[in-house]
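In case you want the letters, here they are:
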Amino acid sequence: MSHQSTLKNPSPWLVLGCITLLQSVNGARFSIFSTCSSPPYKTCQFSHSQIKFLIVALETGKIFGPLAGPVANYVPASIILIVGLIFGSVGYGVQYLSISNKINSLSYWQFLLLNVLAGNSTCWISSYCYVLAIRNFKNCHRPLIAITSSYSGFSGKIFTILAEGIQGRKNISRNSNVYLKLIFLGPAIVGLIAATISYSVKSKQYLSIDMPLFAIMVAFATGLYIVIECIVLKYSTHVSLHLRATSLVLVLMLPFVIAVLAMVIKIQKCSSRKPPELSDNEWNDQSTRVEHYEIEIDDEKGDSDENENKSINEVSLNRLMNNVDFWLFYLVNACGVTLGMLYMINLEIIFKSLSSDKESFLMEISSSFIFFGKIFSVMFDWFSRKKLIISNPAMTVLVLLPMPIAFFLLINNNSSCLYISTGILGTCSGALNVITATTTYELFGLKNFPVKHTIVLTNVPVSILVFGCLHAIPEGDEMCIGLHCFSRTFMIWGSLCFVATVLSFVLHLRTQNLYLHKS
């Protein structure tokens, strides 16, 4: 299909819009329990250590995500979505009811179990998005999934802006009842809307290989708007909160807007040009030729897709734990990308000493850098898919290089270094998140890939549990506030990132022969 035919077909844009909306509200919503340390929620105050274990519980729930994959082979896709929505509504909903004193206070262990359930819910919703992408974009579902999953980084900003638009007040939305309600009700409402739209669209394989390019353009425009909106809000106090919320919703609805325009163009084209009348014999011959052409394309694209996704190396599960390359790869992720994630997760705690305006601006900008890091990584992978320009282990080395420098810059306790370091860590973490999945199946094979990738992902809760203990430790009853309290933490994290960079270079040297065979 050409660019023109792709833009004039509304159905793929409707499907893409459903996936985008679901991923936009499917981000990590761990801030529901960080609000306990602020008024008016004084009944369940958590210490930094307790919040760390809640984050570990949330990430542990994601380890059981591959369970949704096999289930999708036996039940309708809508069941996968419903399970994810129920898990999320229960996991976050019960916590909200406890925090807002609508039910009896929960014990800390109950909070832990509810966060495991809530973390697992995001995997079921992502699996539903993956099923939609495979059924409708067989030949390009991988880049589309990577692009749309990038929207999850904006979940916190989306909920914050919507809460401010509803309640009409600034700087307190993250501690308001409206914000907490949106956290667990928002995904359920959006999920039901997306399921209704996707169900009404007949599942069909769209053969356009240019769809990822258009999706990248839409995602880039969305991210650029959010960055500009953050900057404008910082330097202007006259922006209407209702206008911000409305504008953000319209930007997120861009795929649906394109679908409506495509539908209008299609209707005008059909009404202005009457199809020629064919005799019965001519009609049969024409149908046969079209059907035969579509079968040929399906076969050709299927072979092409199989060849593109064919792994370089195949390692069985029995041999995986004894594989040196696997443990190198595991440690690179544990000491590299996971530390970047840990920094982003704890931004709110680290920058508690800043003014509310600077803190909010910094957190919004950090999510934007993560988003663009993922998008640029997908763009590079998509445009270099036909020719191996640089291997993924080599790309990992290049992306990891700036991360230890960024952590060491944070030691200076300088505002300029603060913004630069946060931008570097956000961009690198976002890019590495995309690279990791591809590297896993290239180095260790597609057979039992979900299990292998799950084993790799266990580094996330383990690293958060181990390296999260390096936060600034309170002295007595007084909490140390300020970036200087984390100087030792940043020094250790930077050193670990440097170790990860060295290990990634060793992994590159050990695997470069495998990639030479592919090229």
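Nothing here was measured: the structure is a model prediction, and the numbers come from that model. (Residues numbered from 1 in each chain as written. Predicted model: local features only at pLDDT ≥ 70, side-chain atom pairs only at ≥ 80, totals over all residues. Heavy atoms only, no water.)

The next point concerns the overall build of the protein chain. Scanning the protein chain from N- to C-terminus turns up 24 helices and zero strands. For the protein chain, contacts bridging at least 24 residues in sequence account for 82% of all contacts bridging at least 6. Split by element, the accessible area of the protein chain, about 24,600 Å² in all, is 64% carbon and sulfur. (Helix = DSSP H or I, 4+ residues; strand = E, 2+ residues; numbered from the N terminus. Contact = heavy atoms within 4.5 Å. Areas by Shrake-Rupley, 256 points an atom, 1.4 Å probe, with all protein chains shown as cover.)

Our focus in this paragraph is the packing of aromatic side chains. Tallying each qualifying case throughout the model produces 18 aromatic pairs. With a centroid separation of 6.0 Å and an interplanar angle of 45°, the aromatic rings of phenylalanine 326 and tyrosine 330 are classed as tilted. Of this pair, phenylalanine 326 and tyrosine 330 both sit in helix H16 (residues 324-345), separated by four residues, roughly a single helical turn. In this pair, the class of phenylalanine 326 matches that of tyrosine 330, namely buried. Between tryptophan 327 and tyrosine 330 the ring centres are 5.6 Å apart and the planes differ by 65°, which places this aromatic pair in the edge-to-face class. With tryptophan 327 and tyrosine 330 both in helix H16 and three residues apart, the pair spans about one turn of that helix. (Phe/Tyr/Trp six-rings, centres within 6.5 Å; stacked < 30°, edge-to-face > 60°. Buried < 20%, exposed > 50% of the residue type's maximum accessible area, 1.4 Å probe, protein only.)

Checked against the element boundaries, cysteine 335 lands in helix H16. Residue class for cysteine 335 comes out buried when judged on its relative accessible area of 9%. Each C-alpha atom, one on cysteine 335 and one on serine 463, is 7.5 Å from the other, the two residues being 128 residues apart in sequence.

This part is about the side chain of lysine 452. Mapped onto the elements of the fold, lysine 452 is located in helix H22 (residues 449-457). The buried category is assigned to lysine 452, whose relative accessible area is 2%. Discounting residues that sit within four places of it in the chain, lysine 452 has contacts with Glu314, Val315, Leu317, Leu320, Phe444, Gly445 and Lys447.

A word on the packing of helix H7 (residues 108-136) against helix H8 (residues 141-149). Taken N-terminus to C-terminus, the directions of H7 and H8 make an angle of 145°; their axes are 9 Å apart at the nearest point. As for the relative orientation of H7 and H8, their crossing is right-handed in sense. On H8, the residues that touch Cys129, Tyr130, Ala133 and Ile134 of H7 are His141, Arg142 and Ile145. Across the contact of H7 with H8, the residue classes break down as five nonpolar, one polar and one charged. (Axes fitted to C-alpha atoms, helices over the stretch in contact; angles between N-to-C directions. Left-handed = near helix turned anticlockwise from the far one by under 90°. Nonpolar A, V, L, I, M, F, W, Y, C, P; charged D, E, K, R; others polar.)

Evaluated as defined, the whole model comprises three salt bridges. As a salt-bridge pair, lysine 62 and glutamate 59 come within 3.5 Å of each other at their nearest N and O atoms. Taken together, the positions of lysine 62 and glutamate 59, both in helix H4 (residues 48-63) and three residues apart, correspond to about one turn of that helix. Of the residues examined, lysine 62 reaches a relative accessible area of 24% and is grouped as partly exposed. Residue glutamate 59 is classed as buried on the basis of its relative accessible area of 9%. The salt bridge partner of arginine 244 is glutamate 229, with a shortest N-O separation of 2.2 Å. Remark: glutamate 229 occurs in helix H11 (residues 211-235) and arginine 244 occurs in helix H12 (residues 241-252); sequence separation between them is 15 residues. The burial state of arginine 244 is the same as that of glutamate 229; both residues are buried. (Salt bridge = Lys/Arg side-chain N within 4 Å of Asp/Glu carboxyl O.)

Before going further, it helps to examine the environment of valine 15. Residue position: valine 15 is located in helix H2 (residues 10-24). Residue valine 15 is classed as buried on the basis of its relative accessible area, which comes to 3%. A sequence separation of 122 residues divides valine 15 from phenylalanine 137, and the C-alpha atoms of the two residues are 9.6 Å apart. In this structure, valine 15 is in contact with Leu132, Asn136, Phe137 and Val201, ignoring residues within four places of it in sequence.

So, on to the packing of H2 against helix H10 (residues 177-200). Packing of H2 against H10 brings their axes to within 9 Å, and their N-to-C directions diverge by 165°. Between H2 and H10, the interaxial angle falls into the category roughly antiparallel. The handedness of the crossing between H2 and H10 is left-handed. On the side of H2, the interface is formed by Leu14, Cys18, Leu21 and Leu22, while H10 contributes Val190, Gly191, Ala194, Ile197 and Ser198. Broken down by class, the residue content of the contact of H2 with H10 amounts to seven nonpolar, two polar and no charged. (Parallel < 35°, antiparallel > 145°, perpendicular 65-115°, else oblique.)

Our focus in this paragraph is helix H20 (residues 402-409). Those residues of H20 lying buried are Met403, Pro404, Ala406 and Phe407. Buried residues of H20, viewed axially, fall in a sector of 155°; they line one side. (Arc of directions from axis to C-beta.)

Turning to the nonpolar core, a few remarks are in order. Within the largest apolar cluster, 124 residues are counted, with the highest numbers of intra-cluster contacts made by Leu22, Leu339, Tyr343, Phe407, Leu425, Phe490 and Trp493. Beyond its immediate stretch of four places on either side in the chain, leucine 339 contacts Ala334, Phe407, Phe467, Trp493, Leu496 and Cys497. (Core = buried A, V, L, I, M, F, W, Y, C linked by side-chain atoms within 4.5 Å.)

What follows is about the environment of glycine 186. With respect to the secondary-structure elements, glycine 186 resides in helix H10. With 161 residues separating them in the primary sequence, glycine 186 and valine 25 have C-alpha atoms 7.0 Å apart.

Together, Phe220, Leu224, Ile228, Val232 and Phe376 line one region of the surface with nonpolar side chains, adding up to about 420 Å² of accessible area. Sort the elements by how many residues they give to the nonpolar patch and H11 lands first, with four residues. One can find leucine 224 in helix H11. (Patch = residues over 30% accessible without salt bridge, like charges linked within 9 Å, V, L, I, M, F, W, Y side chains within 5 Å.)

Before going further, it helps to spend a moment on the state of the cysteines. Summed over the entire model, instances satisfying the criterion amount to zero disulfides. A disulfide-free cysteine, cysteine 335 has its sulfur positioned 8.1 Å from the sulfur of cysteine 497, the nearest such atom. (Disulfide = S-S within 2.5 Å.)

So, about the confidence of the model for the protein chain. The pLDDT averaged across the protein chain works out to 76; a share of 75% of its residues lies at or above 70. Counting interchain partners and residues more than four positions distant, the pLDDT-below-50 stretch residues 472-478 has five contacts. (pLDDT = per-residue confidence, 0-100.)

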